[in-house]
Amino acid sequence: RLDKNFSLSFVKQLSTKILSQLKQENYPNYIFLDLGSANIQEIKDALKEKQIFILDHHLPQNIENDFIHINPHLFGNNGDLEISGSGIVYFLSKTINFENKNLSCLAIIGAIGDMQEKKGFTGLNNEILQDSIDSNKIEIHTGLRMFGSYTRPLYKLLQYSTDPYIPGITGNEESTLKFLENLKIDKEKKLFELNEEETKSLVTAIILQRLGSESSPEDVLGKIYLLKDEPEDSIIKDCRE
């Protein structure tokens, strides 16, 4: 939106080799996203004449620096639970240009990817979620909290389900097929394709299957975050996907 030129590099982690490569580049500004807070000394040594921005949510090194350093831990927020790296980037982008509020759903996807959704969000992630709802980008449903509801046939969805874990079903294809056959539900259907009666029947059967395993129905049902701009059968309709 600002029509600025930039060069983008993806790295798994910062190393002296990568920093020495960056040192050879002739850019005045370097922005480290979702990493850098634990490498302040190395960045100082390698890029001392550059303007450095670090947008990260991991625990930072306690080393004096003159970077633009945005990290929740520096402001009393929990970077492990309350906001992800993409959330930090989102807040800065919204501050630069309020139109970027309609990108808030990307920060929600990032928070889910960082395992920060625990039957709902806390802290700053809640604020981002509200922006996503206000921007008409995300809608929240209650349903089976399973990874693959838009991409896997039911028998694979159940067989690979570890959250929630289903005793006798998880990891066992034969039992899964028999389970669905007893419910008279097409094994090739996807979860989102089930009608209301089939959904109720499946949920009840899963809860009964889990009885005695120190579980509760709340472990099975939860909030589902859907991207409103994606068509109903899109493989990335569900933010967990």
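Just so we're clear, the structure is a prediction, and the values are computed from it rather than from any experiment.

### A look at a nonpolar patch on the surface
Inference 1: Among the surface-exposed residues, Phe6, Leu8 and Phe10 lie close enough to one another that they form a single nonpolar patch of about 460 Å² accessible area.
Inference 2: Tracing the chain through its elements places Phe6 in the segment before helix 1 (16-23).

### Regarding the nonpolar core
Inference 1: Grouped together as the largest cluster of nonpolar side chains are 18 residues, with contacts concentrated most on Leu144, Leu154, Leu158, Leu202 and Ile206.
Inference 2: The set of elements that each furnish at least two residues to this core consists of helix 6 (154-159), helix 7 (173-183) and helix 8 (196-209).
Inference 3: Sequence-distant contacts of Leu154, that is, excluding residues within four places in its chain, are made with Leu180, Ile185, Asp186, Lys187, Lys189, Lys190, Leu191, Leu194 and Leu202.
Inference 4: With 17 residues, the next largest nonpolar core counts Leu55, Ile83, Ala111 and Phe121 among its residues.

### A look at helix 4 (residues 104-113)
Inference 1: Those residues of helix 4 that sit buried are Ser104, Cys105, Ala107, Ile108, Ala111 and Ile112. Mapping the buried residues of helix 4 onto a view down its axis gives an arc of 155°, with all of them on the same face. Every exposed residue of helix 4 that faces more than 90 degrees away from the buried side is listed here: Leu106 and Gly113.
Inference 2: Looking at the residues trailing helix 4, positive phi occurs at Met115, about 60°.

### With respect to the pattern of salt bridges
Inference 1: Summed over the entire model, instances satisfying the criterion amount to eleven salt bridges.
Inference 2: Between Glu99 and Arg1 there is a salt bridge, with the nearest N and O atoms lying 3.8 Å from each other. In this pair, Glu99 is assigned in the loop between helix 3 (85-96) and helix 4 and Arg1 in the segment before helix 1, connecting sequence segments 98 residues apart. Like Glu99, the residue Arg1 is exposed in the burial classification.
Inference 3: Note that Glu117 and Arg145 form a salt bridge whose closest N and O atoms lie 3.9 Å from each other. Placement of the pair is Glu117 in the loop between helix 4 and helix 5 (124-134) and Arg145 in the loop between strand 4 (138-144) and helix 6, with a sequence separation of 28 residues.
Inference 4: Judged by relative accessible area, Glu117 falls into the buried class, the value being 9%.
Inference 5: On the accessibility criterion, Arg145 (8% relative accessible area) is buried.

What counts and what doesn't
Starting afresh in each chain, residues are numbered from 1 along the sequence in its written order. For a predicted model such as this one, the threshold for reporting local features is a pLDDT of at least 70, and the threshold for listing and counting side-chain atom pairs is 80 or more; totals across whole chains, interfaces and linings nevertheless cover every residue. Excluded from the side-chain calculation are hydrogens and water; included are all heavy atoms of the structure. Residues enter patches when they are more than 30% accessible in relative terms and free of salt bridges; like-charged ones are connected within 9 Å and nonpolar ones (Val, Leu, Ile, Met, Phe, Trp, Tyr) within 5 Å. Here, Shrake-Rupley sampling with a 1.4 Å probe gives the accessible areas, and only protein chains in the shown set may cover a residue. Salt bridges are counted wherever a side-chain nitrogen of Lys or Arg sits within 4 Å of a carboxyl oxygen of Asp or Glu. Secondary structure is summarised from DSSP: a helix means a run of H or I of at least four residues, a strand means a run of E of at least two, and numbering begins at the N terminus for each. Among buried residues, the Ala, Val, Leu, Ile, Met, Phe, Trp, Tyr and Cys ones that are joined through side-chain atoms within 4.5 Å form a nonpolar core. Working definition: with a 1.4 Å probe on protein chains only, accessible area under 20% of the residue-type maximum means buried, over 50% means exposed, and in between means partly exposed. When checking whether two residues touch, look at their non-hydrogen atoms; a contact exists if any pair is within 4.5 Å. Regarding the arc, it is the one traced by the directions from the helix axis to the C-beta atoms.

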